[in-house]
Amino acid sequence: MTAFIGFCVLIVVALIGWAIAEVKYKGLGYKVNEEEAAGVAKEEAHHVVPDHELGIKDVIKTISNKGYKAV
């Protein structure tokens, strides 16, 4: 019987925690400022997706395992 009561308490605590998380999520709004929007646009312009599949030589040119030289 004590295991059942413990399980019920666990469920109640989990539901209360879930409800608090939902209320906090709905209450907090996120707005993108101009600086972040400019950064996203710059990042998207940098990562142009080619219309063809990359070969191994193209992939080797773009991998970032070369440290500062990769940038």
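Residues numbered from 1 in each chain as written. Predicted model: local features only at pLDDT ≥ 70, side-chain atom pairs only at ≥ 80, totals over all residues. Heavy atoms only, no water.

**Examining the overall build of the chain**
At step 1: Secondary structure assignment for the chain yields three helices and zero strands.
At step 2: Along its sequence from the N terminus, the chain presents helices and strands in the succession α-α-α.
At step 3: Residues counted as buried form 0% of the 71 residues belonging to the chain.
At step 4: Accessible area for the chain stands at about 7200 Å²; split by element, carbon and sulfur atoms hold 67% of it. (Helix = DSSP H or I, 4+ residues; strand = E, 2+ residues; numbered from the N terminus. Buried < 20%, exposed > 50% of the residue type's maximum accessible area, 1.4 Å probe, protein only. Areas by Shrake-Rupley, 256 points an atom, 1.4 Å probe, with all protein chains shown as cover.)

**Re a nonpolar patch on the surface**
At step 1: A cluster of nonpolar residues, M1, F4, I5, V9 and V13, forms a patch on the protein surface that exposes about 560 Å² of accessible area.
At step 2: Structurally, V9 can be placed in helix α1 (residues 2-27). (Patch = residues over 30% accessible without salt bridge, like charges linked within 9 Å, V, L, I, M, F, W, Y side chains within 5 Å. Salt bridge = Lys/Arg side-chain N within 4 Å of Asp/Glu carboxyl O.)

**Quick look at the confidence of the model for the chain**
At step 1: Mean pLDDT over the chain stands at 81; residues scoring 70 or higher make up 80%.
At step 2: The least confident element of the chain, judged by mean pLDDT, is helix α2 (residues 34-46) at 76; the most confident is α1 at 94. (pLDDT = per-residue confidence, 0-100.)

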